[in-house]
Amino acid sequence: MLSPAVLSLSLAAALGLSTGASLCLSRQFRVQGDYMLGGLFPLGSTEETTLHQRTQPNGIPCTRFLSRGLFLVMAMKMAVEEINNRSSLLPGLNLGYDLFDTCLEPVVTMKPSLMFLAKAGSSSIAAYCNYTQYQPRVLAVIGPHSSELALITGKFFSFFLMPQVSYSASMDRLSDRETFPSFFRTVPSDKVQLEAIVKLLQHFEWNWVAALGSDDDYGREGLGIFSGLANARGICIAHEGLITVHRASDQQPKKMVDVLHQVNQSKVQVVVLFASVQAVYLLLNYSIHYGLSPKVWVASDSWLTSDQVMTLPRIAQVGTVLGFLQRGDLLPEFPHYVQTHLALASNPAFCASLDAEIDLDEHVMGPRCPHCDDISLPDLSSGLLLNMSAEQLNHQVFATYAAVYSVAQALHNTLQCNASSCPATKPVQPWQLLKNMYNMSFQAGNLTLQFDASGSVHMEYDLKMWVWESPTPVLHTVGTFNGSLQLQHSKMHWPGNQVPVSQCSRQCKDGQVRRVKGFHSCCYDCVDCKAGSYQNSDNFICTLCGPDQWSPEQSTSCFPRRPKFLAWGEPAVLSLLLLLGLVLGLVLGALGLFVHSWNSPLVQASGGPLFCFGLVCLGLFCLSVLLFPGQPSPASCLAQQPLAHLPLTGCLSTLFLQAAETFVESELPLNWATWLCAYLQRPWAWLVVLLAILVEAALCAWYLAAFPPVMVKDQQVLPTETLEHCHMHSWVSLGLVHITNATLAFLCFLGTFLVQSQPGRYNRARGITFAMLSYFIIWVSFVPILANVQVTYQPAVQMGAILLCALGILATFHLPKCYLLLWLPKLNTWEFFLGGGHRAEGDGSSDGGRDGTQGHSE
């Protein structure tokens, strides 16, 4: 937009003017119009020692000229002249302006502010109870440039509800409508800029930074907002400090060195510097002098384009500088406008014409900018303008230009003008103008802007980086921010072509969480998440998986658990099913053989129908193992124990009858034996069997009522699976279903263990004894095995116990009889199984004795 010194030198050469001629600039700062606007601009600065020694409220001289303020004045003058020459905005009306220098000081700024509020046509402020009809000298104020000054003038002008539009004051506190109801600005709030800075830090994963601010309202508020945003985004501030700007203090060097020492000690590589130009100038000057290691300086827009900072000797030693600038519209006609008016200001004839005009305000205020008239074109070309590029000024020039257009649009709306004409000039009070500025849209250049509820405008930001192409840096655009951050990495210049790293601790791997060390959340050890937990969005605590989920160590997610139970296809189950087939085959074979030999002495002596009933029960006992494998259900859990032990009770009750009969025949006197044996035969024998089964059924009912087994899903036993099994409440509950069978087995064993076998007869007691021994061995061994085996295989242990118990009874009691029937048929006689003497005594005749024997054996 603006070229360097060519601007003024070529201008002087082209016009044939003396480059050493002074410029009559201050006399151009007031132009009369139908409606007047006030302007506050930074045209000069003062010595701080002057303020420090001030003891009377007299005037303060401004000594140093700031060319930046001059170009902002030119932007306002151009905007007013454009509006006055346009036919669509305020047609037929002229705006005037009255511009003053703030000298960068609140004390100086208050004098023109009072003048703006003076009654029109005078230089004094009248006191009224009601200022509704009060007509001040100006209708609105453009400026000032800094937030520190705007905080003062904003409250002052708000009392009179005079609109004030700043082109640079960006503090978020100025958005408070209760405190500053008449304040507007054509720049966004600092909060937007700080959000962009935080997103920049997040993008490069710079979570260990230092934050410094100037010791004033601007720096303190900026640090406060940044600290809140940074903490919310996981960025740790290793050191936060304020930079004092009063160089008159003897403690200044020590304080500055302390700040630099703490930044160095924190071992950060990135410093967020939200401060005024004066504070940054002092800090970087000291850092260069004391050799602070190069850093990445994230700048606020207040100093990013400051020529005072950019021209510091050896400024390149500070490292990398980048920051955000709001993007304004280009004003291509502005360079020509500046050239033309600087030429006029150096024209003696033009200056003489201005001398003829009498400025009554100078008798009260003094010259508006006396040091502006003491400069010449060489001062501009060899001074600050020499190093000033278009990008350095564009955003502030456009913001000033837009501020004038916002007031003009509000006045256009207040007067109810149309595109071709306005009503006759009539008085407009500032508060009337203010009503039309809230949430107002207006055109400035090629952009359409709108004041939001807080009086700010929304504008995009450009990310600027200092690139060292000359003794002073040049601003390069390397990204944009409009709610989201877009970077152009190829345009960025980093030391060694490596993006600096600024982290207190390395990034944790996936599946690890941070164990914080000390007070900062960014300083931590990385800890693996244990099995059963995973790293979620929370980087500090491992999240436990759900009850139906699992995870390995150092995991970032959980996986669903697969159900685990004793499946039909497992090797153990297949082996037990083969054993079941063997036992069932033997049972069915024995049953078929006994049915085939139904009338043989062996079958009849063994009990006949009761004997076959016992075999059937034994087969049902074996089939109950089919309830144990497969996915359990509540019904299968309830059915397992009763359906297994009721058939066993039926089998053992038949053996009990034979054991009792053997004991009675062998151990009791003959008359007692004959009488008791009658009760051990049919139908009394079936009554004993039924009674035993009913007792077992009652115990099973008690077991189901008092200690019902439940189907549970256990996630603690297996790491990756959910174990589904039938849960037994206690050993007492298991003992209930075993009481009847254990009692019958014990009585069988007791009744046959001491019985003396008779020579030449079949020893029925021995088979029962060994059958009961196998029963006790198997079920006594079952208890410790069941208690110590994994829960997964407990159903297999119960299956094995059932099948081995059945096989033991079958092998010791039933299979020897099958052997006699098949391979020793000559022993299948009444004498061998019952003995002839006992048959003859049981009945008087031979035929009757045979019948009686048959009846006894059955």
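Rules and cut-offs
- Here the residue index of a chain counts from 1 through its sequence in written order.
- Restriction of local features to residues with pLDDT of at least 70 applies here, the model being predicted, together with a cutoff of 80 or more for giving and counting side-chain atom pairs; totals for whole chains, interfaces and linings are based on all residues.
- Excluded from the side-chain calculations are hydrogens and water; all other atoms, namely the structure's heavy atoms, are used.
- Secondary structure counts use DSSP, requiring at least four H or I residues in a row for a helix and at least two E residues in a row for a strand, with both numbered from the N terminus.
- Buried residues are those whose accessible area, probed at 1.4 Å on protein chains only, stays under 20% of the maximum for their type, while exposed residues exceed 50% and partly exposed ones sit between those limits.
- Between two residues, a contact is recorded if the distance between any of their heavy atoms is within 4.5 Å.
- Computed with a 1.4 Å probe, the accessible areas rest on the Shrake-Rupley method; for each residue, only the protein chains presented here act as cover.
- Each axis is a line fitted through C-alpha atoms, and for a helix only the stretch in contact is used; angles between axes span 0 to 180 degrees, taken between their N-to-C directions.
- Small angles under 35 degrees read as roughly parallel and large ones over 145 as roughly antiparallel, with 65 to 115 read as roughly perpendicular and the rest as oblique.
- When residue character is reported, Ala, Val, Leu, Ile, Met, Phe, Trp, Tyr, Cys and Pro are called nonpolar, Asp, Glu, Lys and Arg charged, and the others, Gly included, polar.
- Should DSSP find at least two bridges between two strands, the strands are regarded as paired.
- Salt bridges are defined by distance alone: a side-chain nitrogen of Lys or Arg within 4 Å of a carboxyl oxygen of Asp or Glu.
- Under the rule applied, a polar contact is a pair of N or O atoms within 3.5 Å (in protein, one hydrogen donor and one hydrogen acceptor; residues adjacent in sequence only if both atoms are side-chain atoms).
- Only protein atoms enter the 1 Å grid, on which a cavity is a set of points fitting a 1.4 Å probe that cannot get out and a pocket is an open set with protein on both sides within 12 Å along at least 5 of 7 lines, lining residues being those with an atom within 4 Å of a point.
- Grid points are joined across faces, edges and corners, and a volume is the space filled by probe spheres set on the points.
- Definition of nonpolar core: a set of buried residues of the types Ala, Val, Leu, Ile, Met, Phe, Trp, Tyr and Cys, connected through side-chain atoms within 4.5 Å.
- Geometry of aromatic contacts follows a simple scheme: Phe, Tyr and Trp rings, the Trp one being its six-membered ring, pair when their centres are within 6.5 Å, and the pair is stacked under 30 degrees between planes, edge-to-face over 60, tilted otherwise.
- Counting as a charge over the ring demands two things of the Lys NZ or Arg CZ atom: a distance within 6 Å of the ring centre and an angle within 35 degrees of the ring normal.
- Here the expected span of a helix is defined as 1.5 Å times the quantity of residues minus one.

Undergrad: How do you make sense of the overall build of the protein when you look at a structure like this?
TA: Regarding its fold elements, the protein presents 29 helices and 27 strands. In the protein, buried positions account for 52% of the 858 residues. Taking all contacts inside the protein whose residues are at least 6 apart in sequence as the whole, residues at least 24 apart take part in 71%. Of the accessible surface of the protein, which amounts to about 37300 Å², a share of 59% is contributed by carbon and sulfur atoms.

Undergrad: I'm lost on the packing of helix α23 (residues 684-706) against helix α24 (residues 731-753) in this one. Help?
TA: Two quantities define a packed helix pair, namely the angle between the axes and the distance from one axis to the other. Two elements in contact, α23 and α24, have axes separated by 8 Å at closest approach and are oriented at 170°. It follows from the interaxial angle that α23 and α24 lie roughly antiparallel. Across the interface between the two elements, A692, V695, E696, L699, C700, W702 and Y703 from α23 touch S733, L736, V737, I739, T740, N741 and L744 from α24. Of the residues belonging to the contact of α23 with α24, the class tally is ten nonpolar, three polar and one charged.

Undergrad: Would you mind showing me how to read the sheet that holds strand β27 (residues 721-727) here?
TA: Sheets are built from strands that pair by backbone hydrogen bonding, the pairs being arranged parallel or antiparallel. In spatial order, the strands read β25-β27-β26; together these three strands make up an open sheet with mixed pairing. The two strands at the open ends of the sheet, each matched to only one other strand, are β25 (562-564) and β26 (710-714). Averaged over all pairs of adjacent strands, the angle between their axes in this sheet comes to 30°, without regard to strand direction. Two elements, β26 and β27, share five bridges in a ladder whose sense is antiparallel. Counted as the bridge partner of D714 is L723 from β27.

Undergrad: Honestly, the pattern of salt bridges in this entry has me stumped. Any pointers?
TA: In a structure, side chains of opposite charge can pair up when their charged atoms sit close to one another. Taken as a whole and judged by the stated rule, the model has 13 salt bridges. Among the salt bridges present, the one from E460 reaches R327, with a minimum N-O distance of 2.9 Å. Within this pair, whereas E460 is found in the loop between β15 (447-450) and β16 (461-467), its partner R327 is found in the loop between β13 (319-326) and α12 (334-345), the two being separated by 133 residues in sequence. R327 gets classed as partly exposed once you look at its relative accessible area, which sits at 34%. Residue K564 pairs with E570 through a salt bridge whose shortest N-O separation is 3.2 Å. As far as the burial class goes, K564 and E570 line up, both buried.

Undergrad: Is there a simple way to think about the side chain of K564 in this case?
TA: Position of K564 relative to the elements: it lies in strand β25. Among the polar contacts listed, one links the side chain of K564 to the side chain of E570, at a separation of 3.2 Å. In this view, K564 contacts E570, L718, E721, T722, L723, E724 and T792; residues no more than four positions away in its chain are not counted.

Undergrad: For this particular structure, what's the right way to read empty space enclosed by the protein?
TA: Regions of empty space are outlined by a rolling probe, equal in size to a water molecule, passed over the atoms. If you walk through the whole model with that rule in mind, you get four cavities of 30 Å³ or more. If you add up the space inside the second largest cavity, you get close to 40 Å³. In terms of lining, the second largest cavity is formed by F628, Q641, H645, L734, H738, W779, F782, Q798 and I802. Looking at the lining of the second largest cavity, the elements that each hand over two or more residues are α21 (634-667), α24, α25 (764-788) and α26 (794-823). Along the lines of polarity and charge, the residues of the lining of the second largest cavity split into five nonpolar, four polar and no charged.

Undergrad: What exactly am I supposed to notice about the nonpolar core here?
TA: Of all hydrophobic cores here, the largest spans 68 residues; its most connected members are L25, F41, M76, L90, L95, I142 and L411. Breaking this core down by element, the ones donating at least two residues are β2 (35-41), α3 (67-85), β5 (95-101), β6 (140-142), α12, α16 (390-414), α17 (430-435) and β14 (441-444). For this core, the element with the most residues is α16, which contributes 13 residues. Apart from residues no more than four positions distant in its own chain, I142 is found in contact with G38, G39, L40, F41, M76, V165, Y167, A403, V404 and V407. Grouped together as the second largest cluster of nonpolar side chains are 61 residues, L566, L602, L699 and V797 included.

Undergrad: I tried to follow the packing of aromatic side chains on my own but got confused; where do I start?
TA: Given two aromatic rings, their pairing is described by the distance between the two centres and the angle made by the two planes. As enumerated under the stated definition, the model contains 33 aromatic pairs in all. Relative to Y131, the ring of Y128 lies with its centre 5.7 Å away and its plane at 85°, an arrangement referred to as edge-to-face. The partly exposed category is assigned to Y128, whose relative accessible area is 39%. Centre to centre, the rings of F324 and F481 are 6.3 Å apart; their planes meet at 65°, and the pair counts as edge-to-face. With a gap of 157 residues between them, F324 in strand β13 and F481 in strand β17 (residues 474-481) connect regions that are remote in the sequence. Of the residues examined, F481 reaches a relative accessible area of 4% and is grouped as buried. A connected cluster of aromatic rings, assembled from ring pairs, spans Y128, Y131, Y134, F156, F157, F159 and F160. A cation sits over an aromatic face here: R177 above F184, 4.8 Å from the ring centre. If you follow R514 out to its NZ or CZ, it ends over the ring of F540, 5.9 Å from the centre.

Undergrad: Just to check I follow, could you spell out the environment of V688 for this structure?
TA: When you line up the elements, V688 lands in helix α23. V688 sits 34 residues away from T654 along the chain, and the two C-alpha atoms are 8.7 Å apart.

Undergrad: Would you explain helix α7 (residues 217-232) in this entry?
TA: Each turn of an α-helix holds 3.6 residues, which means side chains three or four residues apart point in the same direction. The end-to-end C-alpha distance of α7 is 23 Å, a good match for the 22 Å that 16 residues give at a rise of 1.5 Å each. Those residues of α7 that sit buried are Y218, G219, E221, G222, L223, I225, F226, S227, L229 and A230. On its buried face, α7 sits against α5 (147-159), α6 (190-203), β9 (208-214), β10 (236-243), β11 (270-274) and α10 (301-304).

Undergrad: Any chance you could explain unusual backbone geometry here in plain terms?
TA: Glycine aside, the phi torsion of most residues is negative, and most peptide linkages are trans. That bond from G143 to P144 is cis: its omega, 0°, falls within 30 degrees of zero. Among the secondary structure elements, P144 is positioned in the loop between β6 and α5. Positioned with a positive phi, C103 is a non-glycine residue whose angle comes to about 60°. Look at L104: it is not a glycine, yet its phi comes out positive at around 65°. Note that L104 resides in the loop between β5 and α4 (106-117). Judged by relative accessible area, which is 24%, L104 ranks as partly exposed.

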